[in-house]
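Geometric and topological summary
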Amino acid sequence: MSEHTREAPRSWLLDKPLTGFALPSGRLGSLQGWLMGRLNGDEQSEAGALLAARPGEHVLEVGYGPGVLVERTLAAGAHVTGVDPSPQMAAQARRRNAAAVEEGRADLRVGTAERTGLPDGTFDAVVSVNNVPMWSDLDAGMRELHRVLRPGGRAVVTWHGGDRPRFVARRILLADDVLERIVAGMRAAFGTAELHRGDRLVAMLAHRAPAEPDGARAGRRRPGPPG
Ligand SMILES: C[S@@+](CC[C@H](N)C(=O)[O-])C[C@H]1O[C@@H](n2cnc3c(N)ncnc32)[C@H](O)[C@@H]1O
């Protein structure tokens with residue numbers, strides 16, 4: 001996607017063009033990014049704990065916003081690639097993580113969950129915090145997360161919620177049927193998926209199936225005895 005796309009994309013859930021915190025842009029965009037960076041700390045910590053990035057891993061963050069989780073994932077010793085459709089957020093997240101961008105440990109791009117533009121089977125883990133309702137196509141986004149993960153890689157998709165959602169997040173919690181729809185989309189792409197209720201967030205968790213050993217594949221392909 002161009003860094004200067006004019007027409008705002010629509011959300012699969014709300015079926016209206018994205019505005020405000022959903023796609024920070026224009027003069028308010030930087031302020032919205034700054035506010036998210038200040039206010040979402042607990043959720044980033046909880047999402048980071050579910051992600052559990054390890055040194056040397058390659059992590060993709062979808063919808064990184066101001067880049068707070070990017071910063072924490074880098075601090076865990078992982079390499080981070082990110083996609084977010086907002087050029088303002090790309091600029092802000094690159095500034096926040098300037099040293100890692102300079103060193104080539106962070107690559108923060110303009111792109112979307114549905115079209116990352118990244119190669120197949122590349123990442124150990126993919127994480128998305130507070131943006132799954134903003135994707136324009138839920139099922140295409142889940143298929144894309146699955147495609148870019150290596151076999152055995154993990155996906156963590158979170159939204160505001162859990163046992164103690166932040167006060168300001170209480171009016172944007174997702175209804176149970178919507179959460180079920182997101183889990184169903186993830187299950188369709190990954191085979192299995194589970195819903196996790198945390199403290200400040202709800203998370204949809206899945207793994208890409210591990211690669212089968214060569215022997216197992218060959219064994220299945222072997223023709224049966226002549227009948
Ligand atoms: C509410 S902000 C959350 C940002 C950050 N993850 C956080 O928790 O602070 C939503 C972000 O999702 C991004 N976004 C909107 N549509 C998207 C899409 N289709 N794919 C990926 N990110 C998207 C927006 O540009 C914005 O940065």
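For the structure itself, consult the block above.
Presented here is a report on the structure given in the accompanying data block. This structure is a prediction, so every number in the text was calculated from the model and none was measured.

Axes are the key here: two packed helices are described by the angle between their axes and the distance separating the axes. At a minimum axis separation of 9 Å, helix 1 (residues 26–39) and helix 4 (residues 87–96) run at an interaxial angle of 45°. When the axes of helix 1 and helix 4 are compared, the pair comes out oblique. Two packed elements cross with a definite hand, and for helix 1 against helix 4 that hand is right-handed. Between helix 1 and helix 4, the residues in contact are Gly 26, Gly 29, Ser 30, Gly 33, Trp 34, Met 36 and Gly 37 and Gln 88, Met 89, Gln 92 and Arg 96, respectively. Residue classes in the contact of helix 1 with helix 4 are distributed as three nonpolar, seven polar and one charged.

A few words on helix 1. With 14 residues, helix 1 should reach 20 Å at 1.5 Å per residue; the first-to-last C-alpha distance of 21 Å fits that figure. Taken residue by residue, helix 1 has Gly 29, Gln 32, Gly 33, Met 36 and Gly 37 as its buried positions. Viewed along the axis of helix 1, the buried residues span an arc of 135°, placing them on a single side of the element. Opposite its buried face, helix 1 presents the exposed residues Arg 27, Leu 28 and Arg 38, each directed more than 90 degrees away. Buried residues belonging to helix 1 abut helix 3 (68–75) and helix 4.

What follows is about the pattern of salt bridges. The final tally for this structure, using the stated rule, is 13 salt bridges. Notably, a salt bridge pairs Arg 105 with Glu 103, separated by 3.0 Å at the nearest N-O pair. Residue Glu 103 is classed as exposed on the basis of its relative accessible area of 53%. Measuring nitrogen to oxygen at the nearest pair gives 2.8 Å for the salt bridge that ties Arg 147 to Glu 144. A residue pair is termed a helical-turn pair when its members lie 3 or 4 positions apart in one helix, as Arg 147 and Glu 144 do in helix 6 (residues 138–148) at three residues. Given the relative accessible area of 26%, Arg 147 is considered partly exposed. With a relative accessible area of 9%, Glu 144 lands in the buried category. A single network of salt bridges, built from pairs that share partners, joins Arg 54, Glu 57 and Arg 154.

So, how was this worked out
Residues numbered from 1 in each chain as written. Predicted model: local features only at pLDDT ≥ 70, side-chain atom pairs only at ≥ 80, totals over all residues. Heavy atoms only, no water. Axes fitted to C-alpha atoms, helices over the stretch in contact; angles between N-to-C directions. Helix = DSSP H or I, 4+ residues; strand = E, 2+ residues; numbered from the N terminus. Parallel < 35°, antiparallel > 145°, perpendicular 65-115°, else oblique. Left-handed = near helix turned anticlockwise from the far one by under 90°. Contact = heavy atoms within 4.5 Å. Nonpolar A, V, L, I, M, F, W, Y, C, P; charged D, E, K, R; others polar. Expected span 1.5 Å × (residues − 1). Buried < 20%, exposed > 50% of the residue type's maximum accessible area, 1.4 Å probe, protein only. Arc of directions from axis to C-beta. Salt bridge = Lys/Arg side-chain N within 4 Å of Asp/Glu carboxyl O.

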